[in-house]
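Coordinates in review
Below are the chains, spelled out letter by letter.
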Amino acid sequence: MATAVDWLSWACLLGGSFFILVSSLAVLRLPDYFSRIHGAGITDTLGAGLMLLGLALQAGFSLITVKLFLTLLFMMLTGPVTVHALAKTAYRLGLETMLAEEVDDHHRPD
Amino acid sequence: MAVTFVIFRMRDLFAAVMLMGFFSLLSAALFTVMDAVDVAFTEAAVGAGVSTVLMLRTLALTRSRAKQRFNRPAVIPLLAVLAIGGVLVYGTFDMPRYGDPDAPIHNYMAPRFVEDAPGEEDSVDEIGVPNIVTAVLASYRGYDTFGETTVIFTAGIGVLLLLGGSHRHEIGGLHLREDIVLRVSLKVVIAFLMLFALYVQFHGDYGPGGGFQAGVIFAAAIILYTLVFGLKKAESVFKRRSIEALIAGGVLLYGSVGLASMVLGDNFLDYDHLAHDPVHGQHYGILLVELGVGITVTAVMVALYFLFATRRSSPGELSPAAASAEDTQVIETA
């Protein structure tokens, strides 16, 4: 039983690191601003989420797990909201998406 | 010293600003060599970072070569500076060599703070606070922390004097009030942020924390509120006058604790007689002075943010934030 929990927590930690790497790659290499910030949002949700889950599994039922879950809650709450704020502000200030001419993106709701 | 001399004599101001940044970097490196890493990164951030940026911005507004000045050499000030400097240098001859293991600080102060020296009490016995850093900061070296709080106070007042003044009309600042996602999520987050700030403030006795950190977190909560709900609403809650009063209030609280202990017969900022026994007195003293520090830090950061949020970049022209706020406001009512 203990080794199963151990394996699971290691899987979560490695998965979390993988997603954080993917997110950094996205921020560096994707061509469009909007797709870049979408990639950045992955760190906060999947990346941190999986890692904190893995750490909670390692800690077992203790105060540390409660603190980890609170941290997870706040990161999940604020991460996507930040990306949303970035996207909305950029859109309002007139930044064009990359596919703006192909898709009919000329009806901005402002 | 060579760098300082060159900065002084140079008339190309852009190069002078770059050299000032280089000087800060040298100081930061010196501090790192001396094992004072926290001072080093503060110096690097402020001197090589923020100062340089502000100077460059100033240069953009004025010309970039200093005018030639023909002054008679000022003899009396020069003599005064040389005399005082000479006395200071003479004073350093008596100090222990750098890193000397026989220096008094390693023999008397550190053992007293940290471990149970035979026959002496350590800081946990004398002050009863598990976090030695807080014990040293707020009690053994409370006067230095008083000076630090006064520095923050002076910096805030200085910026308010330089940049404040008659810009009393409300421009409004950039806000995203019409965005429901931000409004709802931030209402939750801000409440927890303020709670966390209070936790950090009072947890300084047992773990990392204390007034400075808590003040910044509290100010961050207020700034988040201002970003989303607009400067007008934020200022109706946190009035400018009260914020300015609080900037002084924190320092006043700190000084009053010191004066109270003088009234009770001890030295300035000696907390032993503030309660029925010395350990409790120390607890009350540390609590009150950290509260004073937290209040001043919060108020200074909030005041500076409100100041910058309504600032015009040059007379007669709106700052970019205010300009786009006007755009969004016009579009909103359409």
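Cut-offs applied
Residues numbered from 1 in each chain as written. Chains lettered and ligands numbered in written order. Predicted model: local features only at pLDDT ≥ 70, side-chain atom pairs only at ≥ 80, totals over all residues. Heavy atoms only, no water. Axes fitted to C-alpha atoms, helices over the stretch in contact; angles between N-to-C directions. Helix = DSSP H or I, 4+ residues; strand = E, 2+ residues; numbered from the N terminus. Left-handed = near helix turned anticlockwise from the far one by under 90°. Contact = heavy atoms within 4.5 Å. Nonpolar A, V, L, I, M, F, W, Y, C, P; charged D, E, K, R; others polar. Patch = residues over 30% accessible without salt bridge, like charges linked within 9 Å, V, L, I, M, F, W, Y side chains within 5 Å. Areas by Shrake-Rupley, 256 points an atom, 1.4 Å probe, with all protein chains shown as cover. Salt bridge = Lys/Arg side-chain N within 4 Å of Asp/Glu carboxyl O. pLDDT = per-residue confidence, 0-100. Parallel < 35°, antiparallel > 145°, perpendicular 65-115°, else oblique. Polar contact = N/O pair within 3.5 Å; in protein donor to acceptor, adjacent residues only side chain to side chain. Buried < 20%, exposed > 50% of the residue type's maximum accessible area, 1.4 Å probe, protein only. Phe/Tyr/Trp six-rings, centres within 6.5 Å; stacked < 30°, edge-to-face > 60°. Expected span 1.5 Å × (residues − 1). Bend = angle between axes of the 7 residues up to and from the residue.

1. What to know about the packing of helix α10 (residues 211-229) of chain B against helix α13 (residues 278-309) of chain B
Residue and element names in this part refer to chain B.
- Interhelical geometry of α10 versus α13 gives an angle of 30° and a closest axis separation of 7 Å. Crossing of α10 over α13 shows right-handed handedness. The residues of α13 that touch α10, namely those facing Gly211, Phe212, Gly215, Val216, Phe218, Ala219, Ile222, Ile223, Thr226 and Leu227, are Glu290, Val293, Gly294, Val297, Thr298, Met301, Val302, Tyr305 and Phe306.
- Residues that form the contact of α10 with α13 fall into these classes: 13 nonpolar, five polar and one charged.

2. As for a nonpolar patch on the surface
All names here are of chain B.
- A cluster of nonpolar residues, Leu198, Phe202, Leu287, Leu288 and Leu291, forms a patch on the protein surface that exposes about 400 Å² of accessible area.
- When residues of the nonpolar patch are traced back to their parent elements, those giving at least two are α9 (180-202) and α13.
- In this structure, leucine 198 sits in helix α9.

3. Side note on the confidence of the model for chain B
Residues and elements named next belong to chain B.
- With 79% of its residues at a pLDDT of 70 or more, chain B has an overall mean of 77.
- Confidence drops under a pLDDT of 50 for residues 313-334, and excluding neighbours within four residues, the segment shows 21 contacts in the predicted structure.
- Across the interface, the model reports ipTM at 0.75; the global pTM reads 0.70.

4. Things to note about the side chain of threonine 149 of chain B
- For threonine 149 of chain B, the position within the fold is in helix α8 (residues 142-163).
- Those residues in contact with threonine 149 of chain B, other than ones at most four positions away along the chain, are Phe212, Val251, Tyr254, Val293 and Thr296 of chain B.

5. Details of the packing of helix α3 (residues 63-92) of chain A against α9 of chain B
- At a minimum axis separation of 10 Å, α3 of chain A and α9 of chain B run at an interaxial angle of 140°. Taken as axis vectors, α3 of chain A and α9 of chain B run oblique relative to one another. Helix-helix and strand crossings are classified by hand; for α3 of chain A and α9 of chain B the assignment is left-handed. Contacts between α3 of chain A and α9 of chain B pair Phe74, Leu77, Thr78, Val81, His84 and Ala85 of chain A from the former with Val181, Leu182, Ser185, Val188, Val189 and Phe192 of chain B from the latter.
- Residues of the contact of α3 of chain A with α9 of chain B, tallied by class, amount to nine nonpolar, three polar and no charged.

6. Structural notes on the side chain of threonine 226 of chain B
All names here are of chain B.
- Examined against the element boundaries, threonine 226 turns out to sit in helix α10.
- A distance of 2.8 Å separates the side chain of threonine 226 from the backbone oxygen of isoleucine 222, its partner in a polar contact.
- Beyond its immediate chain neighbours, meaning those up to four positions away, threonine 226 contacts Leu231, Ala234, Tyr305 and Phe306.

7. Describing the pattern of salt bridges
Residues and elements named next belong to chain B.
- Evaluation of the coordinates by the stated rule reveals one salt bridge over all chains.
- Between glutamate 235 and arginine 240 there is a salt bridge, and its shortest N-O distance comes to 3.0 Å.
- For glutamate 235, a relative accessible area of 11% puts it in the buried group.

8. A closer look at the packing of aromatic side chains
- This structure, assessed with the given rule, holds nine aromatic pairs over all chains.
- Taking the centre distance of 5.5 Å and the plane angle of 75° together, the rings of tyrosine 33 of chain A and phenylalanine 34 of chain A count as edge-to-face.
- Accessibility expressed as a relative area gives 25% for tyrosine 33 of chain A, which makes it partly exposed.
- Among the residues examined, phenylalanine 34 of chain A registers a relative accessible area of 16% and is labelled buried.
- The structure contains a cluster of three or more aromatic residues connected by ring pairs, namely Tyr143, Phe146, Tyr254 and Phe268 of chain B.

9. What about the confidence of the model for chain A?
- For chain A, per-residue confidence averages 85 on the pLDDT scale, and residues scoring 70 or more make up 89% of the total.
- When the elements of chain A are averaged for pLDDT, α3 of chain A gives the smallest value, 88, and helix α1 (residues 2-29) of chain A the largest, 91.

10. Examining α9 of chain B
- With 23 residues, α9 of chain B should reach 33 Å at 1.5 Å per residue; the first-to-last C-alpha distance of 34 Å fits that figure.
- Of all bends in α9 of chain B, the biggest is about 30°, found at leucine 186 of chain B.
- The set of residues buried in α9 of chain B consists of Leu182, Ser185, Leu186, Val189, Ile190, Ala197, Val200 and Gln201 of chain B.
- On the buried face of α9 of chain B, the contacting elements are α3 of chain A together with α10 and α13 of chain B.

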